[in-house]
Amino acid sequence: MGFNITEKIISSHLVSGKMEPGSEIGLKIDQTLTQDATGTMAYLQFEAMGIDKVQTDLSVSYVDHNTLQMGFRNPDDHQYLRTVAAKHGVVFSPAGTGICHQLHLENFAKPGATLIGSDSHTPTAGGLGSLAMGAGGLSVALAMAGQPYSIPMPKVVKVELTGELTGWATSKDIILHLLGLLTVKGGVGKVFEFAGEGVATLSVPERAVITNMGAELGATTSIFPSDRQTEKFLKVMGRIEDFSELIADDDATYSETIVINLSELEPLVAQPHMPDRVVTVKSLAGLEVSQAAIGSCTNSSYSDLKTTALILTDHQLPQGVDLMISPGSKQVLKMLASEGLIAPLLDSGARLLECTCGPCIGMGGSPVSAGVSVRTFNRNFEGRSGTQDAKIYLVSPQTAANLALAGKFTDPATWGTPPAKIDFPAEIPSIRHLFIFPPENGENVKLIRGPNIVPLESFSALSEKITSKVLLKVGDDITTDHILPAGAQITALRSNIPAISEYIFSRVDENFVDRMKKSDSGIILGGENYGQGSSREHAALGPRHLGVVAVIVKSLARIHRANLINFGILPLVLSDKSDYDKLSEGSGLTLDTTTLTPGGVAEMTTTDGLKVKVKNDLSEKELAIIIAGGLLNYVGRK
Ligand code: F3S
């Protein structure tokens, strides 16, 4: 029987386990990436393992999240990241060079390679045929140390694209359509593999929009074949030697097939505050817009911004509409500049921001109170923009530009003729000073740690008996933004766990940290899909620092589950979901942890004598990691 693309890459990187859906497999990792918000912790963890040089083919440290250098904290972290990269053989991308996923796609991603990154949108590189997965920083540190990356063998879903995009429909609308169809929980344990005649009509940047936002489905990753489009992209990027064809065998099998007819798609929008609340743009006609933002790792490529420039040419934004544009990389910016496309952006009244994540992570560009902001980003969680009552709508760049010009939602039928599909220039302008490559031998590189870099604390092993209380009860779809909000002030503390822990659940319950400090330990009770969103491991590290011993939920998001395990917090799932209603804040619970077995059911007892059954889907290794007190204890600190 033939293999699909996912199986081909997995089989050629399989270190342990069987390729049977659900069973744990260990994969050799070829490439890693980190960004600054998660990277400092990953490199502190890598240092704790006592290894001189990264063992991967390529590891890159990008600075793109916290580029605002107000006060010493961020610059100190960037300096640490630069020196630790040079010391250990990691390529360094300084602040302003671009957004990690756009840069990785342009410069380093390879068809058939495995990549893990401490950022949940690492699957962007799947647009070029890499098996690219978001992971916690500690998993990335371990991969840099040469350890395999463990995941449950995913199911592979075939997404067959027929027809061709027409009118104002874009690849953003393909992934929005899929999100509307499957919801933010629809991809758990799955890889979405794209196939069909429609694939050949999409360029690599268009494919990358889809694989980027596949993360919002909760998927392990998404992947496209490596074909003529891939070859063309790599040629334009000046690295044709990285091309190899990668297509599914004719007799490959899949767990299920979803068919999307591209010809039937029209511009779509995800409404506040979830990426799966998808409706047509025309259905919202009349809704006033006060801000638009074009950029982020989802939609900041050359073709995205050139289309934007063409739409804005000879037009003026209405007063009161703020349009921000963030190119995905210096390369994109230079290509726009060389074609004279910056002038129409500026003349329209738009603001050109730095080549960074910027407003996507709440680094400036917050909307006005109760404002409506249309953004080309991938997430619209409540408060993520920095304005708690703002309403964020996720759209394509074409839609954002048209709505910004109108100052309100309008029917795409009134937008006129769309610009022709953007092709790459035959040659791209050369650009220097993008990356800092490490010396062959980093032995003499001096590591510089500013006062913001606080050494990692050690955590104790799991005690044989947990006697604790539910110190917080939350509902469904709690995101990592709820657990640890983003924003300049908070993420600047990413290398200082005691300081950043003060913000855990601060926007959900401002007394939670106080309650934790007054107790020896605590339990969090959650609903469905707890921990969805970003890969930030501080959302597990912070609670662990405060003394959280277990989260008991109806269901868990993939990367957060892995982060909880990595830091020794028990992820438990209620066997009977109705028990959620029987437990409340203050409920005392005991658990004999010696009764825990991999994948088994254990019984907790409340102080009122109620028995609550909890199951875990932990493998033998994962349980051993939790018993050791976390992954660093398990692999052994040096
Ligand atoms: Fe950055 Fe936003 Fe992507 S924070 S990596 S642009 S999701």
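Residues numbered from 1 in each chain as written. Predicted model: local features only at pLDDT ≥ 70, side-chain atom pairs only at ≥ 80, totals over all residues. Heavy atoms only, no water.

- An unreviewed UniProt entry lists the protein under the name Aconitate hydratase A, with Desulfovibrio gilichinskyi as the source organism.
- UniProt's Catalytic activity (unreviewed entry) comment on the protein is quoted here verbatim: "citrate = D-threo-isocitrate".
- Quoted verbatim from the Cofactor (unreviewed entry) field of UniProt, the annotation for the protein is "[4Fe-4S] cluster". (UniProt positions renumbered as here; feature names shortened; annotations may be inferred.)

As for the environment of Leu262
Thinking step 1. Secondary-structure assignment places Leu262 in the loop between β12 (256-261) and β13 (268-270).
Thinking step 2. It is 7.4 Å that separates the C-alpha atoms of Leu262 and Ile174, two residues lying 88 residues apart in sequence.
Thinking step 3. Apart from the residues within four sequence positions on either side, Leu262 is in contact with Leu161, Thr162, Gly163, Glu164, Leu165, Ile174, Gly198 and Thr201. (Helix = DSSP H or I, 4+ residues; strand = E, 2+ residues; numbered from the N terminus. Contact = heavy atoms within 4.5 Å.)

A short note on the nonpolar core
Thinking step 1. With 95 residues, the main nonpolar core has Phe505, Phe512, Tyr530, Ile552, Leu570 and Leu572 as its most contacted residues.
Thinking step 2. Broken down by element, this core gets its largest block of residues, 6 residues, from helix α5 (residues 137-144).
Thinking step 3. Taken together, domain 1 (5-264) and domain 3 (465-635) each give at least three residues to this core, which thus spans both.
Thinking step 4. Once residues within four sequence positions are removed from consideration, Leu572 is found in contact with Ala550, Val551, Ile552, Val553, Leu591, Leu596, Met604, Val614, Lys615 and Asn616. (Core = buried A, V, L, I, M, F, W, Y, C linked by side-chain atoms within 4.5 Å. Buried < 20%, exposed > 50% of the residue type's maximum accessible area, 1.4 Å probe, protein only. Domains from an automatic or database assignment.)

What to know about the site of the ligand
Thinking step 1. Neighbouring residues of the ligand: His65, His101, Asp119, His121, Ser296, Cys297, Cys357, Cys360, Ile361, Asn378 and Arg384.
Thinking step 2. When grouped by side-chain class, the residues that make up the shell around the ligand number 4 nonpolar, 5 polar and 2 charged.
Thinking step 3. Counting the residues that make up the shell around the ligand, at least three belong to each of domain 1 (5-264) and domain 2 (273-413). (Near = heavy atom within 4 Å. Nonpolar A, V, L, I, M, F, W, Y, C, P; charged D, E, K, R; others polar.)

A few points about unusual backbone geometry
Among all residues save glycine, negative phi is the norm, and among peptide bonds the norm is trans.
Thinking step 1. The linkage connecting Pro272 with the following residue, His273, adopts the cis geometry, with an omega of -5 degrees.
Thinking step 2. A positive phi angle, close to 60 degrees, is found at Ala370, a residue other than glycine.
Thinking step 3. Positionally, Ala370 belongs in the loop between β17 (351-352) and β18 (372-375).
Thinking step 4. Classification of Ala370 as partly exposed rests on a relative accessible area of 47%.

Describing the packing of aromatic side chains
Thinking step 1. Taken as a whole and judged by the stated rule, the model has 7 aromatic pairs.
Thinking step 2. With 5.1 Å between their ring centres and 55 degrees between their planes, Phe108 and Phe435 make a pair best called tilted. You can see Phe108 sitting in the loop between α4 (100-107) and β6 (114-117) and its partner Phe435 sitting in the loop between α12 (397-406) and β20 (465-473), a full 327 residues away along the chain.
Thinking step 3. According to the relative accessible area criterion, Phe108 is buried, its value standing at 10%.
Thinking step 4. Judged by relative accessible area, which is 14%, Phe435 ranks as buried.
Thinking step 5. Here a set of aromatic residues connected by ring pairs shows up, and it is made of Phe108, Phe435 and Phe437.
Thinking step 6. The ring of Tyr580 carries Lys554 above its face, with NZ or CZ at 4.4 Å from the centroid. (Phe/Tyr/Trp six-rings, centres within 6.5 Å; stacked < 30°, edge-to-face > 60°. Lys NZ or Arg CZ within 6 Å of the ring centre and 35° of its normal.)

Observations concerning the sheet that holds strand β7 (residues 131-134)
Thinking step 1. Pairing is parallel across the open sheet formed by 5 strands, whose spatial order is β5-β4-β3-β6-β7. A strand with exactly one partner marks an edge of an open sheet, and here the two such strands are β5 (91-93) and β7. Across the sheet, the mean angle separating the axes of adjacent strands is 15 degrees when strand polarity is ignored.
Thinking step 2. Pairing of strand β4 (residues 58-62) with β5 involves 3 bridges; the strand directions are parallel. (Pairing = 2+ DSSP bridges. Axes fitted to C-alpha atoms, helices over the stretch in contact; angles between N-to-C directions.)

Comments concerning the pairing of β18
Thinking step 1. Residues Val372 and Val374 of β18 are buried on one face, and the alternating residues Ser373 and Arg375, pointing to the opposite face, are buried as well.
Thinking step 2. Two strands pair when backbone bridges link them, and strand β15 (residues 291-294) and β18 are joined in this way by 3 bridges, in the parallel orientation. Note that in β18 the partner of Ala292 across the bridge is Val374.
Thinking step 3. Alignment of β18 against strand β19 (residues 391-394), held across 4 bridges, turns out to be parallel. Within the sheet, the bridge partner assigned to Val374 lies in β19 and is Tyr393.

Quick look at α12
Thinking step 1. Judged by how many residues are buried, α12 sits mostly within the fold: 8 of 10 residues are covered.
Thinking step 2. Listed in full, the buried residues belonging to α12 are Pro397, Gln398, Thr399, Ala400, Ala401, Asn402, Leu403 and Ala404.
Thinking step 3. Looking at the residues trailing α12, positive phi occurs at Gly407, about 75 degrees.

Describing the domain arrangement of the protein
Thinking step 1. What the domain assignment reports for the protein is domain 1 (5-264), domain 2 (273-413) and domain 3 (465-635).
Thinking step 2. Domain 1 puts 30 residues into the contact, and the matching count from domain 2 is 32 residues.
Thinking step 3. The contact between domain 1 and domain 2 buries some 2,800 Å² in all, and 62% of this surface belongs to carbon and sulfur atoms.
Thinking step 4. When the buried area of domain 1 at its contact with domain 2 is split by residue, Ile99, Trp168 and Lys172 rank highest and sum to 23% of it.
Thinking step 5. Our count for the domain 1 to domain 2 interface comes out at 1 salt bridge.
Thinking step 6. Between Glu216 and Arg379 there is a salt bridge whose closest N-O contact spans 2.8 Å.
Thinking step 7. At the junction of domain 1 with domain 2, the criterion picks out 17 residue pairs in polar contact (both at pLDDT 80 or more).
Thinking step 8. Breaking the side of domain 1 that touches domain 2 down by element, the ones donating at least two residues are α4, α6 (171-182) and α7 (204-213).
Thinking step 9. Sorting elements by how many residues they give to the side of domain 1 that touches domain 2 places α6 first, with 5 residues. (Buried area = accessible area lost by both parts, 1.4 Å probe. Salt bridge = Lys/Arg side-chain N within 4 Å of Asp/Glu carboxyl O. Polar contact = N/O pair within 3.5 Å; in protein donor to acceptor, adjacent residues only side chain to side chain.)

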